[in-house]
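These are the residues of each chain, in order.
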Amino acid sequence: KNYGAEKYGPHSVCLIQKSAFVMEKCERKLSYPDWGSGCYQVSCSPQGLKVWVQDTSYLCSRAGQVLPISIQMNGWIHDGNL
C-alpha cells in the first residue's frame, strides 16, 4: 500500500514527513508504522516549489513550511503533513 501517496522518478525529491500518513475509508483507518520521509514529484514556479501529490499541487513558498496534504487515491483518503 502506498500510504504516503509517493511517486518516484527523475523529477521527485524526498521530503520529511512531519507525521505519519493516515489512509481512511468509511470506518477503516490505516497508517504505516515506518514513516519519516517520502518521495514526491516537484516543479518550480514563480511563487515557489510545487510539490505534487497525485494530481494536486501544494505550494511551498518558504523553507521549513509544513504542507498539510489530503488527497483521494484508490477510494481512500490520504492525510498527512510534509
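The model shown is predicted, which means the values in this text are computed figures rather than measured ones.

So, how was this worked out
Residues numbered from 1 in each chain as written. Predicted model: local features only at pLDDT ≥ 70, side-chain atom pairs only at ≥ 80, totals over all residues. Heavy atoms only, no water. Core = buried A, V, L, I, M, F, W, Y, C linked by side-chain atoms within 4.5 Å. Buried < 20%, exposed > 50% of the residue type's maximum accessible area, 1.4 Å probe, protein only. Contact = heavy atoms within 4.5 Å. Pairing = 2+ DSSP bridges. Helix = DSSP H or I, 4+ residues; strand = E, 2+ residues; numbered from the N terminus. Axes fitted to C-alpha atoms, helices over the stretch in contact; angles between N-to-C directions.

Draft legend 1. Quick look at the nonpolar core. Ranked by internal contacts, the top residues of the largest apolar core, which has 13 residues, are V51, V53, L67, I69, I71 and L82. Residues contacting L67, with those up to four places away along its chain left out, are V51, Y58, L59, C60, G80, N81 and L82.

Draft legend 2. Spatial organisation of the pairing of strand β3 (residues 28–31). In terms of strand pairing, strand β2 (residues 22–25) meets β3 through four bridges, oriented antiparallel. Each bridged residue has a counterpart across the sheet, and for M23 the counterpart in β3 is L30. Between β2 and β3, which pair antiparallel in sequence order, lie two residues; one of them, C26, sits at a positive phi of approximately 55°.

Draft legend 3. Seen up close, the sheet that holds β3. Taken together, four strands build an open sheet; the order of strands is β3-β2-β8-β7 and the sheet is antiparallel. The outermost strands of the open sheet, each flanked by one partner alone, are β3 and β7 (68–73). Taken pair by pair, the neighbouring strands of this sheet meet at an average axis angle of 20°, ignoring direction. As paired elements, β2 and strand β8 (residues 76–81) share three bridges and run antiparallel to each other. The partner of V22 across the bridge, within β8, is D79.

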